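One letter stands for each residue in the lines below.
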Amino acid sequence: MSENRTPLVEMRNISISFGGIHAVDDASVDLFPGEVVALLGHNGAGKSTLIKILSGAYKRDNGDILVRGDFAEINNPRDAKKYGIETIYQTLAVADNVDAAANLYLGRELRTPWGTLDDVAMEAKAREVMGRLNPNFQRFKEPVKALSGGQRQSVAIARAILFDAQILIMDEPTAALGPQETAQVGELIQQLKKDGIGIFLISHDIHDVFDLADRVFVMKNGRVVGHARTEDVTKDEVLGMIILGKCPPGAVPGPGAMQTA
Ligand SMILES: Nc1ncnc2c1ncn2[C@@H]1O[C@H](COP(=O)(O)OP(=O)(O)OP(=O)(O)O)[C@@H](O)[C@H]1O
Ligand SMILES: [Mg+2]
């Protein structure tokens, strides 16, 4: 199975401190093509910090990042994008006052041979990419602020796809969404998996992500408690990892696992 393939991303023995606080301490995670890996843990566990190292927002103190088996130099967000790594945040994802196509092409607009904006080409491409992700979406002419949270999320994802994202980081993607919109994001994620895109899904709520994830990594106090395939563990067992740092038999313990006698 996945063990024989090269991971899309490997973060090995990553550490970073802020002042005296070990925000991330010797953390290792990996992600395979077409896989959804949930990163779970309480508030302050180190999830966002770990993932900000992958997206180039923070520079690690120690550890290595490999992309498709090769050591990757990721020191800023531009480097990360070069490796096809895109982050989607619930809030800062979209420009409110312009429509979906304009959002997709913000900062890299298509132009006609005469130098004017090629709105026709941009809208056609927007319809193609959005149609693949969210076939029911029709509101191409409206500013994005008129859209629902789930629809806005699909615009943000479409933008990342258009940038050739192979590795998507979604930090609390459904935190501000209702049940129906959350389901919509779930469908988007299934679609992205089919395209071989790997997704890190970050949440402090296991119920948001357990059913979507192929594997889970649990962090506590900056360290990885362990990881498991979701088919090998129950939600209660994962809760035990999150709350107590206790690794069940179906999980692979990490450096942060509670030591049992
Ligand atoms: N820029 C920073 N400066 C100082 N300390 C920081 C910084 N960023 C994070 N920390 C600290 O690092 C630790 C981990 O924070 P992080 O944001 O990674 O947690 P998290 O798991 O994402 O939590 P949440 O579920 O609340 O989003 C916390 O103790 C936090 O206070
Ligand atoms: Mg966080």
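Further up the page is the structure itself.
Residues numbered from 1 in each chain as written. Chains lettered and ligands numbered in written order. Predicted model: local features only at pLDDT ≥ 70, side-chain atom pairs only at ≥ 80, totals over all residues. Heavy atoms only, no water.

Attention now moves to the environment of Leu-31. Along the chain, the position of Leu-31 falls in strand 2 (residues 21-31). By relative accessible area, Leu-31 is classed as buried at 0%. In this structure, the C-alpha to C-alpha distance between Leu-31 and Thr-6, residues 25 residues apart in sequence, is 9.3 Å. Those residues in contact with Leu-31, other than ones at most four positions away along the chain, are Pro-7, Leu-8, Val-9, Val-37, Ile-167, Gly-198, Ile-199, Phe-200 and Arg-215. (Helix = DSSP H or I, 4+ residues; strand = E, 2+ residues; numbered from the N terminus. Buried < 20%, exposed > 50% of the residue type's maximum accessible area, 1.4 Å probe, protein only. Contact = heavy atoms within 4.5 Å.)

A few words on the packing of aromatic side chains. In total, this model carries 2 aromatic pairs according to the counting rule given. Look at Phe-137 and Phe-140: their rings are 5.0 Å apart centre to centre, the planes differ by 85°, and that puts the pair in the edge-to-face class. By the burial criterion, Phe-137 is buried, and Phe-140 matches it. (Phe/Tyr/Trp six-rings, centres within 6.5 Å; stacked < 30°, edge-to-face > 60°.)

Close contacts around ligand 1 come from Phe-18, Ala-23, His-42, Asn-43, Gly-44, Ala-45, Gly-46, Lys-47, Ser-48, Thr-49, Tyr-58 and His-204, and that covers them all. Within the backbone of Gly-44, one N or O atom sits 2.7 Å away from an oxygen atom of ligand 1. Gly-46 is positioned with one of its backbone polar atoms (N or O) 2.9 Å from an oxygen atom of ligand 1. Relative to its unbound accessible area of 640 Å², ligand 1 is 63% covered by the protein chains. The greatest single-element share of the shell around ligand 1, amounting to 3 residues, is contributed by helix 1 (residues 47-54). Considered class by class, the residues forming the shell around ligand 1 number 4 nonpolar, 7 polar and 1 charged. (Near = heavy atom within 4 Å. Polar contact = N/O pair within 3.5 Å; in protein donor to acceptor, adjacent residues only side chain to side chain. Areas by Shrake-Rupley, 256 points an atom, 1.4 Å probe, with all protein chains shown as cover. Nonpolar A, V, L, I, M, F, W, Y, C, P; charged D, E, K, R; others polar.)

So, on to unusual backbone geometry. Residues other than glycine predominantly adopt negative phi, and peptide bonds predominantly adopt the trans conformation. A positive phi angle, close to 50°, is found at Asn-13, a residue other than glycine. Assignment of secondary structure puts Asn-13 in strand 1 (residues 9-18). Classification of Asn-13 as partly exposed rests on a relative accessible area of 42%. The phi angle at Asp-26 is positive, at roughly 60°, despite the residue not being glycine. Within the element layout of this structure, Asp-26 appears in strand 2. Overall, Asp-26 belongs to the partly exposed group, its relative accessible area being 31%.

The next thing to look at is helix 1. The buried fraction of helix 1 is high, at 6 of 8 residues. The complete set of buried residues in helix 1 reads Lys-47, Thr-49, Leu-50, Ile-51, Ile-53 and Leu-54. At the exit of helix 1 stands Gly-56, carrying a positive phi of roughly 85°.

Right, let's talk about the side chain of Gln-151 for a bit. Checked against the element boundaries, Gln-151 lands in helix 5 (residues 149-162). The contacts of Gln-151, once residues within four sequence positions are left out, are Phe-137, Arg-139 and Gln-184.

Our next topic: the sheet that holds strand 5 (residues 70-71). Taking strand neighbours across the sheet as the criterion, the 4 strands line up as 2-1-4-5 in an open arrangement whose pairing is antiparallel. Pairing within the sheet leaves two strands with one partner each, and these edge strands are strand 2 and strand 5. Both strand 1 and strand 4 (residues 62-67) contribute to a ladder of 5 bridges, which runs antiparallel. Bridging from a neighbouring strand, Met-11 pairs with Ile-65 of strand 4. Contacts between helix 1 and the sheet are confined to strand 1, strand 2 and strand 4, with strand 1 contributing the most and set at about 115° to the helix. (Pairing = 2+ DSSP bridges. Axes fitted to C-alpha atoms, helices over the stretch in contact; angles between N-to-C directions.)

This brings us to the environment of Pro-77. Among the secondary structure elements, Pro-77 is positioned in helix 2 (residues 77-82). Residues Pro-77 and Lys-52, 25 residues apart in the sequence, show an inter-C-alpha distance of 9.1 Å. In this structure, Pro-77 is in contact with Ser-55 and Gly-56, ignoring residues within four places of it in sequence.

As summarised here, the arrangement of the 7 strands in space is 6-7-8-3-9-10-11, forming an open sheet in which the pairing is mixed. A single partner strand is all that each edge strand has here, and the edge strands are strand 6 (85-89) and strand 11 (252-253). Its contacts with the sheet put helix 1 on strand 3 (36-40), strand 6, strand 7 (167-171), strand 8 (198-203) and strand 9 (215-220), and the angle it makes with strand 8 is roughly 150°. Relative to the sheet, helix 8 (residues 235-244) contacts strand 3, strand 9 and strand 10 (223-229), its axis offset from that of strand 9 by approximately 20°.

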